[in-house]
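Okay, here's what each chain looks like letter by letter:
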Amino acid sequence: MWRLRGLIIGAARSNEPATRTPAPMQKTSMPQGVGRNSIVLPFIVAATYFMESLDTTIIATALPQMAQSFHVGPNEVSLGMTAYMLTLAVLIPISGWIADRHGTRTVFGSAVVIFTIASVLCGLADSVLSFTLARVLQGAGGAMMVPVGRMIVAHNTDQSHMLRAISTITWPAIIAPAVGPTVGGLITTYASWHWVFFLNVPFSIAAFAAIIIFVPNQSGQGRRKLDVKGLLLTSASLVALLYGMELASHQETSLIFAGGIISAGVVIGLMAILHLQNTRQPILNLAVFRVKTYTTSVWWGGFARAGMEAIPYLSPLLFQIGFGLSAFHSGLLLLVTATGNLGMKTLTTPIMRRFGFRVVAIVNGTAVALSILAFAWVTPTTPMPALFAVLFAYGVTRSLQLSTMTTLSYADISEELKSSASTLWSTMQQMTTGLGIAFGAVCLRLASIVRISEDATGSHPFTVTDFQWAFAATALLTLLPTIAYWRLPHDAGHSIAKK
């Protein structure tokens, strides 16, 4: 892993003379008053991000009802979730190029429209095929919506307001995984699964109206030639990695087969890095990895994000399989985590300004790992106040760590690299989400395999003990980047933390 990181950073450094970085964005049609009202932009982007994140997490609880409606098994319906994830992997790398060419407001608004139409089609689907096709279209909208939204905020926020702006657009990723299962359980229990998708329509209409009024239409000063080879290599690598991770999470799939696909993704990824190193106008500009704060927060912080993304997958399963709770009651427990997330949001900016990014990353990074480890001691007989304390502590520390890493990634990025930084950040986020879920699933599988091999009775595939081992491994993964946090300069992110 250290060698792979060195290759990426080495590629970034060696391509400096040969790679022409994207030109700064130019304003082609700036709505009147957008400079004075630029504080609104992070909230618009956050709203669309929340819609996309909630849609991703809310579907899991609706799968059984959808499977019954389609007259198939739940595993077949999950094909729609996989199709969505793979569509994101293919299209996210090109989002920056499209926005540079056609304008941020045009692409952002179009993405919201596509996402809305696809949501309606998902709700009207009457078969696995029609649902999967609608999810592919929805993934196309999501792939353009979130990365371009981040670009808009980065290009229209000065350094004095960057800390608060980035904190605003990170709250959807923090809140949605916690409230998604609860909302999904409520809708599927008291309405029908169709409303899981129809729920997006009013949010989308409001977001589109706000985009037309407040978002400027900005594009690159020069029209970059599309790096087709780089796009194909990058997309193929991401698809192989994410699909391999998805396969690894299924009990019926061979881990060796899934590992082979993941290995192929790694090899193609190395080929993509070498290509991006030697082309003048790459689809993804690795020059951003010359910035230490960006490398630490995006690359090494990705391990922590993967660990934190595993918890929304593992904890509902623990409550339902290990504790015997219903999906709805399991979702209600996760509201405690959402409360911790929300409660920390008002304190995030003051804490980062008071102690600095490096101290917060180290101390809170350790704290979030310990809060995850605490899940390993939770059993069906654990007193409810103690369980609430674990869930709340995880919510608080997760919220602060995600906000810290996201904000730090933009601290030292120059104007001409913001588009590439945003696209790479979104790509890595999609990767770490898939990695986190797969990591939790694989840990559960390995723990159950070891236990069953020692127990000739072959009891239930997953027990509380299996979950304990999975949480312990996840805590270790989350703690790993602390080594990189120690190597940050003491004044890391000082340019925005003190403004």
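Everything numeric here is computed off the predicted structure, so don't read it as measured data. (Residues numbered from 1 in each chain as written. Predicted model: local features only at pLDDT ≥ 70, side-chain atom pairs only at ≥ 80, totals over all residues. Heavy atoms only, no water.)

Brief notes about the overall build of the protein chain
Part 1 of the argument: Along the backbone of the protein chain there are 18 helices and 2 strands.
Part 2 of the argument: Taken across its 499 residues, the protein chain has 59% of its residues classed as buried.
Part 3 of the argument: Put simply, of all contacts in the protein chain between residues at least 6 apart along the chain, 87% involve residues at least 24 apart.
Part 4 of the argument: Within the structure as shown, the protein chain displays about 19700 Å² of accessible surface, and the carbon and sulfur contribution to it stands at 69%. (Helix = DSSP H or I, 4+ residues; strand = E, 2+ residues; numbered from the N terminus. Buried < 20%, exposed > 50% of the residue type's maximum accessible area, 1.4 Å probe, protein only. Contact = heavy atoms within 4.5 Å. Areas by Shrake-Rupley, 256 points an atom, 1.4 Å probe, with all protein chains shown as cover.)

Overview of the packing of aromatic side chains
Part 1 of the argument: Evaluation of the coordinates by the stated rule reveals 10 aromatic pairs.
Part 2 of the argument: Ring centres 6.2 Å apart and planes at 45° place the aromatic pair Phe-70 and Phe-131 in the tilted group. Of the two residues, Phe-70 is situated in helix 2 (residues 41-70) and Phe-131 in helix 5 (residues 128-155); the sequence distance between them amounts to 61 residues.
Part 3 of the argument: Owing to a relative accessible area of 0%, Phe-131 belongs among the buried residues under this scheme.
Part 4 of the argument: The interplanar angle of 85° and the centroid separation of 6.2 Å between the aromatic rings of Trp-193 and Phe-197 together place this pair among those described as edge-to-face. Here Trp-193 and Phe-197 have matching classes, each one buried.
Part 5 of the argument: An aromatic cluster is present here, built from Phe-70, Phe-131, Trp-193 and Phe-197 joined pairwise through their rings.
Part 6 of the argument: One Lys or Arg, Arg-135, reaches over the ring of Tyr-84 and ends 4.1 Å from the middle of that ring.
Part 7 of the argument: When the ring centre of Phe-355 is taken as origin, the NZ or CZ atom of Arg-354, which lies over that ring, is 5.0 Å away. (Phe/Tyr/Trp six-rings, centres within 6.5 Å; stacked < 30°, edge-to-face > 60°. Lys NZ or Arg CZ within 6 Å of the ring centre and 35° of its normal.)

A word on the environment of Gly-260
Part 1 of the argument: Considering the arrangement of structural elements, one finds Gly-260 in helix 10 (residues 255-278).
Part 2 of the argument: With a relative accessible area of 38%, Gly-260 lands in the partly exposed category.

Looking at the confidence of the model for the protein chain
Part 1 of the argument: With 87% of its residues at a pLDDT of 70 or more, the protein chain has an overall mean of 81.
Part 2 of the argument: Mean pLDDT across the elements of the protein chain ranges from a minimum in strand 1 (residues 25-29), with 45, to a maximum in helix 13 (residues 357-374), with 95.
Part 3 of the argument: Of the regions scoring below 50 in pLDDT, residues 11-34 engages in 71 contacts with residues more than four places distant in sequence or in other chains. (pLDDT = per-residue confidence, 0-100.)

With respect to the packing of helix 4 (residues 104-124) against helix 5
Part 1 of the argument: Viewed as axis vectors pointing N to C, helix 4 and helix 5 meet at an angle of 150°, and their least axial separation amounts to 8 Å. Relative to helix 5, the element helix 4 is oriented roughly antiparallel. By crossing handedness, the relation of helix 4 to helix 5 is classed as left-handed. For the pair helix 4 and helix 5, contact is made by Thr-104, Val-107, Phe-108, Ala-111, Val-112, Ile-114, Phe-115, Ala-118, Ser-119, Leu-121 and Cys-122 and by Phe-131, Ala-134, Arg-135, Leu-137, Gln-138, Gly-141, Gly-142, Met-144, Met-145, Val-148, Gly-149 and Ile-152, respectively.
Part 2 of the argument: The residue inventory of the contact of helix 4 with helix 5, partitioned by class, reads 16 nonpolar, 6 polar and 1 charged. (Axes fitted to C-alpha atoms, helices over the stretch in contact; angles between N-to-C directions. Parallel < 35°, antiparallel > 145°, perpendicular 65-115°, else oblique. Left-handed = near helix turned anticlockwise from the far one by under 90°. Nonpolar A, V, L, I, M, F, W, Y, C, P; charged D, E, K, R; others polar.)

Overview of the pattern of salt bridges
Part 1 of the argument: Taken as a whole and judged by the stated rule, the model has 1 salt bridge.
Part 2 of the argument: In this structure, the salt-bridge partner of Glu-309 is Arg-398, at a minimum N-O distance of 3.7 Å. In this pair, Glu-309 is assigned in helix 11 (residues 292-322) and Arg-398 in helix 14 (residues 384-409), connecting sequence segments 89 residues apart. Both residues of the pair, Glu-309 and Arg-398, count as buried. (Salt bridge = Lys/Arg side-chain N within 4 Å of Asp/Glu carboxyl O.)

Some words on helix 9 (residues 228-248)
Part 1 of the argument: The end-to-end C-alpha separation of helix 9 is 30 Å, in line with the 30 Å expected for 21 residues at 1.5 Å each.
Part 2 of the argument: The element helix 9 is largely enclosed, with a buried count of 15 among its 21 residues. (Expected span 1.5 Å × (residues − 1).)

With respect to helix 11
Part 1 of the argument: Here helix 11 is 31 residues long and its end C-alpha atoms lie 42 Å apart, about the 45 Å a rise of 1.5 Å per residue gives.
Part 2 of the argument: At Gly-302, helix 11 shows its strongest bend, of approximately 45°.
Part 3 of the argument: When you tally the buried positions in helix 11, you get 24 out of 31 residues, the bulk of the element.
Part 4 of the argument: Immediately downstream of helix 11, the backbone of Gly-324 shows phi near 80°, a positive value. (Bend = angle between axes of the 7 residues up to and from the residue.)

Focus on a nonpolar patch on the surface
Part 1 of the argument: A surface patch of nonpolar side chains, about 640 Å² in accessible area, is lined by Val-113, Ile-114, Ile-117, Leu-121, Leu-137, Phe-208, Ile-212 and Ile-213.
Part 2 of the argument: Secondary-structure elements contributing two or more residues to the nonpolar patch are helix 4 and helix 8 (200-214).
Part 3 of the argument: For Phe-208, the position within the fold is in helix 8.
Part 4 of the argument: Judged by its relative accessible area of 32%, Phe-208 falls in the partly exposed class. (Patch = residues over 30% accessible without salt bridge, like charges linked within 9 Å, V, L, I, M, F, W, Y side chains within 5 Å.)

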